[in-house]
Each structure stands twice: as C-alpha cells, then as structure tokens.
Amino acid sequence: MAEYKQLMSNPPEGIMAGPVSDENYFEWEALIPGPEGTCFEGGIFPTRLTFPTDYPLNPPKMIFTCEMYHPNIYPDGRVCISILHPPGDDPMGYETSAERWSPVQSIEKILLSVMSMLAEPNDESPANVDAAKTYRENRDEFRRTAQKLARKSLGID
C-alpha cells in the first residue's frame, strides 16, 4: 500500500501507524498523541483502523481501543467525524458532501483530523451524549476525566 510507505517516510509528528501484520493490510493500528495544550495532552491513545475491500472508494472504520470520554467518540470507542462518513450527501442534511469521505482523502488526513477532533470537540452532533453534556455544562469535570484517561493511557492510573 503506497500510503503505508508514505507514512513511514514522512509520518505526522507524534503519530505512529501501520498494518497489524504483513499479511493483512486491511487492519491497522495507530497511536494518537493527545494534542498539546488540551486536556488530552500527554496521553498516547491506541486506535484500530479497519479498511473495506473497496478502499479508497469508501472510508475505513476507526475505533479507540482504550477508554475514551469525548463527545465525538461513542462509548464503545468508535470515532464519529465527517471524514469517516461514507461519500455523498448526508441523509440527515447535517454535513456537506465535501466534509465527508472521498477517495482523495488519506490515512494521514484521518489521523490528523482525529487529533484535531480531540483538541476541538463538536458537541453539536455528539456520539457520546453524556460527554457532550459534561463538555457543555461542566468543562472542569470534562477536563478532569480526560486528564485521568490520558494518564491511564500511559499506565499511570
């Protein structure tokens, strides 16, 4: 896979990603660092990307394999951001087709978008309603929970 070679030769700062094994390029693991200056700073968050057989026509699915508390991450770890939604018009009318997946997107763009999502949650369209509510109504509690999970991702808590 050309994207893998590109990621190895010029990886985004702090991000590590690649296939789980040489036999299966459809399953990847990635380590996402908590963005500096955010409540996730210092954490290293493991994720898994599962690519469909028709990639890049359709996006991979992405899941955090550690505990996360974030408005745009489902309680089971699935990531909910526009770039990972199937191409075309949003049936709910919330996103434009330009915000959704297209074959010109890349794994690098996904990983950078997820880092950006950690830094700037979208609480208007939450995957985790409890996290979105806490983010809106009690930002200090949200920060404490996120910081605890950042420490836990390192095996500290």
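Since the model is a prediction, treat every value here as computed from it, not as a measurement.

**Student:** Which residues make up helix α3 (residues 129-137), and what values do they have?
**Tutor:** Of all the residues in α3, the buried ones are Ala131, Ala132, Thr134 and Tyr135. For α3, the arc enclosing every buried residue in end-on projection is 165°, short of the 170-degree limit, so these residues lie on one face. Summarising the geometry of α3, the exposed residues directed more than 90 degrees from the buried face are Val129, Asp130 and Glu137.

**Student:** Outline the side chain of Glu3, listing residues and values.
**Tutor:** Considering the arrangement of structural elements, one finds Glu3 in helix α1 (residues 2-9). No salt bridge is formed by the buried Glu3; the nearest opposite charge belongs to Lys109, separated by 12 Å. Within the structure, the side chain of Glu3 is placed 2.4 Å from the side chain of Tyr55, a separation counted as a polar contact. In this structure the side chain of Glu3 is engaged in a polar contact, spanning 2.6 Å, whose partner is the backbone nitrogen of Ile107. When near neighbours in sequence (up to four residues on either side) are disregarded, Glu3 contacts Tyr55, Ser106 and Ile107.

**Student:** Please provide a residue-by-residue account of the pairing of strand β4 (residues 61-64), values included.
**Tutor:** Only one face of β4 is buried, namely the one carrying Met62 and Phe64, since none of Lys61 and Ile63 on the opposite face is buried. Two elements, strand β3 (residues 44-50) and β4, share four bridges in a ladder whose sense is antiparallel. Bridge pairing in β4 links Thr47 to Phe64.

What counts as what
- Residues numbered from 1 in each chain as written.
- Predicted model: local features only at pLDDT ≥ 70, side-chain atom pairs only at ≥ 80, totals over all residues.
- Heavy atoms only, no water.
- Buried < 20%, exposed > 50% of the residue type's maximum accessible area, 1.4 Å probe, protein only.
- Helix = DSSP H or I, 4+ residues; strand = E, 2+ residues; numbered from the N terminus.
- Arc of directions from axis to C-beta.
- Lys, Arg positive; Asp, Glu negative; His and termini not counted.
- Salt bridge = Lys/Arg side-chain N within 4 Å of Asp/Glu carboxyl O.
- Polar contact = N/O pair within 3.5 Å; in protein donor to acceptor, adjacent residues only side chain to side chain.
- Contact = heavy atoms within 4.5 Å.
- Pairing = 2+ DSSP bridges.

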